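Understanding the architecture of this molecule
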Amino acid sequence: MQQKQLIMSIALWVAVFAVFYFILIRPQKKKDQKLREMRNAIDKGDTVVTIGGIIAKVAKVEEDKVVLDLGPSRTKVPFEKWAIGRVVEKAAKDEEAIEVEDKIEQ
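Below is a short write-up of the structure.

Procedures and definitions
- Residues numbered from 1 in each chain as written.
- Predicted model: local features only at pLDDT ≥ 70, side-chain atom pairs only at ≥ 80, totals over all residues.
- Heavy atoms only, no water.
- Patch = residues over 30% accessible without salt bridge, like charges linked within 9 Å, V, L, I, M, F, W, Y side chains within 5 Å.
- Areas by Shrake-Rupley, 256 points an atom, 1.4 Å probe, with all protein chains shown as cover.
- Salt bridge = Lys/Arg side-chain N within 4 Å of Asp/Glu carboxyl O.
- Helix = DSSP H or I, 4+ residues; strand = E, 2+ residues; numbered from the N terminus.
- Phe/Tyr/Trp six-rings, centres within 6.5 Å; stacked < 30°, edge-to-face > 60°.
- Buried < 20%, exposed > 50% of the residue type's maximum accessible area, 1.4 Å probe, protein only.
- Pairing = 2+ DSSP bridges.
- Axes fitted to C-alpha atoms, helices over the stretch in contact; angles between N-to-C directions.

A cluster of nonpolar residues, Leu12, Trp13, Val16, Phe17, Val19, Phe20, Ile23, Leu24 and Ile25, forms a patch on the protein surface that exposes about 940 Å² of accessible area. Tracing the chain through its elements places Ile23 in helix α1 (residues 2-40).

What follows is the structure, given as structure tokens:
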């Protein structure tokens with residue numbers, strides 16, 4: 001009788017953990033993975049929104065930082081990649097346009 005109660009209580013805790021895993025933990029891990037992939041796919045020329053609500057174009061991408069062009073004067077401000085909330089618009093990847101932008105910056 002006592003063994004049955006022990007097995008039932010263990011089974012109940014396993015079931016509770018499984019429910020928490022499939023309802024809370026697993027979806028959050030998937031969301032974090034998508035966010036990580038989005039941040040790693042940021043390229044020069046993309047329009048992004050920071051977690052603070054700043055909308056800007058990406059001027060430069062480094063390993064863990066991005067440099068954003070802000071405002072009409074194109075002020076360059078560095079941000080950590082984790083501060084990017086979402087990508088609003090991906091840049092058109094014309095090779096000529098990229099070459100012209102690179103020449104203008106130099």
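Once you've had a look at it, read on.
Below, the discussion takes up the packing of aromatic side chains. Enumeration according to the criterion identifies 1 aromatic pair in this entry. Arranged with centres 5.1 Å apart and planes meeting at 85°, the rings of Tyr21 and Phe22 form a pair that is edge-to-face. For Tyr21, a relative accessible area of 28% translates into the label partly exposed. A residue is classified by how much of its surface remains accessible, and Phe22, at 53% relative accessible area, is exposed.

Turning our eyes to something else, we now look at the sheet that holds strand β3 (residues 65-70). Taken together, the 5 strands give an open sheet; going across it, the order is β4-β3-β2-β1-β5, and neighbouring strands pair in antiparallel fashion. A single partner strand is all that each edge strand has here, and the edge strands are β4 (75-80) and β5 (84-89). For this sheet, the mean inter-axis angle between neighbouring strands, taken without regard to orientation, is 45°. Pairing of strand β2 (residues 55-61) with β3, which is carried by 4 bridges, proceeds in the antiparallel orientation. Bridge pairing in β3 links Lys60 to Val67.

Taken across its 6 residues, β3 has 5 buried, putting it largely inside the fold. A loop of 3 residues connects β2 with β3, the two strands running antiparallel in sequence. For β3 and β4, the ladder comprises 6 bridges, and the chain directions are antiparallel. Within β4, the position partnered with Leu68 by the bridge is Val77. If you look at the hairpin formed by β3 and β4, you'll find 4 residues sitting between the two strands, and Gly71 has a positive phi there, around 70°.

All right, on to the pattern of salt bridges then. Where charged atoms from two side chains of opposite charge approach closely, those side chains can pair. Counted according to the given criterion, the structure contains 4 salt bridges. The closest approach of N and O atoms between Lys90 and Asp46, which form a salt bridge, is 3.0 Å. With Lys90 in the loop between β5 and α2 (95-105) and Asp46 in the loop between α1 and β1 (47-50), this residue pair connects regions lying 44 residues apart in the sequence. Classification of Lys90 by relative accessible area gives partly exposed; the value is 45%. On the basis of relative accessible area, Asp46 is assigned to the buried category, the value being 0%. In this structure, a network of salt bridges that share partners links the residues Asp69, Arg74 and Lys76.

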